Amino acid sequence: MWSWVRRGIYAVQLAGDRADLWPAGALAWLAYLGWLPLLLVVADPDPADLQPLGVSLYSSSSFPANVVALAAAATGVVILMALVASAAELALQRAAAVVGRPRPAAGPVLRG
């Protein structure tokens, strides 16, 4: 249990000492989970807004196609955010690599 605490403390010290890691870290955080507080603050969710959306989707003349297109767009956004998060993680790992240790390759990130 203490090993992950030590790694966390080391990561905080490394991020505090190296300002060049901040843009990639901010990108990784925003793509991974940072969009949720942004969405909750900017677009206040209201369950009553879902009913008109559902009615407009169902009553449209292109009913099944618009739902499929919406689902495909949502899936594409999730995949794109996963790729951005993995690219930012790769940039963080490459920038924070200790001299003398092998640098991580892009292959595992793309396979993930």
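Residues numbered from 1 in each chain as written. Predicted model: local features only at pLDDT ≥ 70, side-chain atom pairs only at ≥ 80, totals over all residues. Heavy atoms only, no water.

S.K.: Mind showing me how you'd approach the overall build of the protein chain here?
M.R.: Helix and strand counts for the protein chain come out as 5 helices and 0 strands. Counted from the first residue to the last, the protein chain has its helices and strands arranged as α-α-α-α-α. Counting over 112 residues, the protein chain shows a buried share of 11%. For the protein chain, the share of sequence-separated contacts (at least 6 apart) that also reach a separation of at least 24 residues comes to 52%. (Helix = DSSP H or I, 4+ residues; strand = E, 2+ residues; numbered from the N terminus. Buried < 20%, exposed > 50% of the residue type's maximum accessible area, 1.4 Å probe, protein only. Contact = heavy atoms within 4.5 Å.)

S.K.: Help me out: how do you make sense of the packing of helix 2 (residues 22-42) against helix 4 (residues 63-95) in this one?
M.R.: The axes of two packed helices give the description: the angle between them and the distance between them. It is the contact of helix 2 with helix 4, at a shortest axis distance of 8 Å, that shows an interaxial angle of 150°. By the angle class used here, helix 2 and helix 4 are roughly antiparallel. The element helix 2 and its partner helix 4 pack so that their crossing is left-handed. Here helix 2 contributes A24, G25, L27, A28, L30, A31, Y32 and W35 to the contact with helix 4, which in turn contributes M81, V84, A85, A88, E89, A91 and L92. Residues of the contact of helix 2 with helix 4, tallied by class, amount to 13 nonpolar, 1 polar and 1 charged. (Axes fitted to C-alpha atoms, helices over the stretch in contact; angles between N-to-C directions. Parallel < 35°, antiparallel > 145°, perpendicular 65-115°, else oblique. Left-handed = near helix turned anticlockwise from the far one by under 90°. Nonpolar A, V, L, I, M, F, W, Y, C, P; charged D, E, K, R; others polar.)

S.K.: Help me understand a nonpolar patch on the surface in this model?
M.R.: On the surface, Y32, L33, W35, L36, L39 and L40 cluster together to form a nonpolar patch covering roughly 610 Å² of accessible area. Looking at the secondary structure, you find Y32 in helix 2. (Patch = residues over 30% accessible without salt bridge, like charges linked within 9 Å, V, L, I, M, F, W, Y side chains within 5 Å. Areas by Shrake-Rupley, 256 points an atom, 1.4 Å probe, with all protein chains shown as cover. Salt bridge = Lys/Arg side-chain N within 4 Å of Asp/Glu carboxyl O.)

S.K.: Whenever I open this one, the side chain of N66 confuses me. Can you help?
M.R.: Looking at the element boundaries, N66 is found in helix 4. Taking relative accessible area as the criterion, N66 reaches 16% and is therefore assigned buried. Within the structure, the side chain of N66 is placed 3.2 Å from the backbone oxygen of L57, a separation counted as a polar contact. Residues contacting N66, with those up to four places away along its chain left out, are L57 and S60. (Polar contact = N/O pair within 3.5 Å; in protein donor to acceptor, adjacent residues only side chain to side chain.)

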